[in-house]
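# Working through the structure, step by step
Residues per chain, in single letters:
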Amino acid sequence: MKFLFMVCCIAALLILDINGAKVIKKRKRVTTEKTPLTATEIKLPEEDEIQLLVEKEGIVANEIIGSSIDLPVQDPCLEKRCGPGRECNSTTKGKAKCVCLTTCPTEDDNRRRVCSNYNETWTSDCELYRSRCLCDEASTQCLNPLNKHLHIEYYGECRQMEPCTEEEMADFPRRMRDWLFNVMRELADRRELSPHYLQMEREAERLTSESQRSVVAAVWKWCDLDGSNDG
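Residues numbered from 1 in each chain as written. Predicted model: local features only at pLDDT ≥ 70, side-chain atom pairs only at ≥ 80, totals over all residues. Heavy atoms only, no water.

### Remarks on the nonpolar core
Looking at soluble globular proteins, one finds that nonpolar side chains tend to be buried together. Stated precisely, the cut-off is as follows: We define the nonpolar core as a collection of buried residues of types Ala, Val, Leu, Ile, Met, Phe, Trp, Tyr and Cys that are connected through side-chain atoms lying within 4.5 Å of one another. Categorising residues by exposure relies on relative accessible area from a 1.4 Å probe, with only protein chains included: less than 20% of the type maximum marks a residue as buried, more than 50% marks it as exposed, and the intermediate range marks it as partly exposed. Think of it this way: any DSSP run of H or I at least four residues long counts as a helix, any run of E at least two long counts as a strand, and we number them from the N terminus. When checking whether two residues touch, look at their non-hydrogen atoms; a contact exists if any pair is within 4.5 Å.
If you look at the biggest cluster of nonpolar residues, it comprises 13 residues, and the most contacted ones within it are Met184, Leu193, Tyr197, Met200, Val216, Ala217 and Trp220. Of all elements in the fold, only helix H5 (166–189), helix H6 (195–205) and helix H7 (210–225) reach the threshold of two or more residues within this core. With 5 residues, H5 is the single largest residue contributor to this core. Leave out the neighbours within four places in its chain, and Val216 touches Met184, Met200 and Ala204. Core analysis: the second largest hydrophobic core is formed by 6 residues, Trp122, Leu128, Tyr129 and Leu150 among them.

### With respect to the sheet that holds strand S3 (residues 114–116)
Basically, it comes down to this: In short, DSSP must find at least two bridges between two strands for them to pair.
The antiparallel open sheet is built from 3 strands, whose spatial order is S4-S3-S5. The open sheet is flanked by strand S4 (121–122) and strand S5 (152–155), the only strands paired with a single partner. With 3 bridges joining them, S3 and S5 adopt antiparallel strand pairing. In the strand pairing of S5, Ser116 is matched with Ile152.

### Regarding the pairing of strand S2 (residues 96–100)
Looking at chain direction, strand S1 (residues 86–90) and S2 are connected through 5 bridges and run antiparallel. Of the residues in S2, the one forming a bridge with Glu87 is Val99. Count of turn residues in the S1/S2 antiparallel hairpin: 5 residues, of which Gly94 carries a positive phi of about 80°.

### Quick notes on the state of the cysteines
Rules: Here, two cysteine sulfur atoms that lie within 2.5 Å of each other are counted as a disulfide.
On inspection of all chains with the given rule, the structure shows 6 disulfides. Disulfide partner of Cys77: Cys88, at an S-S distance of 2.1 Å. Taking the sign of the S-S torsion, about -75° here, the bridge from Cys77 to Cys88 comes out left-handed. Of this pair, Cys77 sits in the loop between helix H3 (61–65) and S1 while Cys88 is found in strand S1, placing the two residues 11 residues apart along the sequence. Here Cys77 falls in the buried class, since its relative accessible area comes to 14%. Disulfide partner of Cys104: Cys126, at an S-S distance of 2.1 Å. Between Cys104 and Cys126, the S-S dihedral sits near -80°, and the bridge is therefore left-handed. Taken as a pair, Cys104 in the loop between S2 and S3 and Cys126 in helix H4 (residues 125–136) lie far apart in primary sequence, 22 residues in all. On the basis of relative accessible area, Cys126 is assigned to the buried category, the value being 16%. By sequence order of its bonded cysteines, the chain has the disulfide arrangement 1-3, 2-4, 5-9, 6-8, 7-12, 10-11.

Written out as structure tokens, the structure reads:
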């Protein structure tokens, strides 16, 4: 009887051990199963990362995170530099484009006036450059086609230039030749002439006749302007 009792006890212990192992395995399976994340637990990409994707891949931000976040649109004109008389506008495609100024600030101060290379007084440098831009762009607002070559000669109102007398006009060729030789001499002293023209200038310095020296300067300037060397 004692032997039978011991056998029954051992069998009962084995059954308990087996059931306990099954319960532990079941618990492990339950704890290792992933529970679905809630909407608040999902980490959305940062705005900087989204902007990087938009710039590099052309991906629309709403395709990444929906319409819940509105990304700031960068002004394409921030890094665009336009010349005088122009301003930057953003096109419908988000590109930066330089266009002529619509208007210029009103200037009542006479000190803001400028004189153009056509000896015309403009109320401000802005007005001068705007007019040049309009003509350069062949706008219907262009006042004079020649204005596409406008530039500021000096600041302030244009000075009245007296017409040249007959004596001054007759003496003009000599004065021009003298001026050319002085320019040639200055460039020679600064070693900015080619060896050939430098030798010509040194030989002209030894001439006693001013007209002969002026001829050397005229030949030098003529050859200097003849960039194609076709005479």
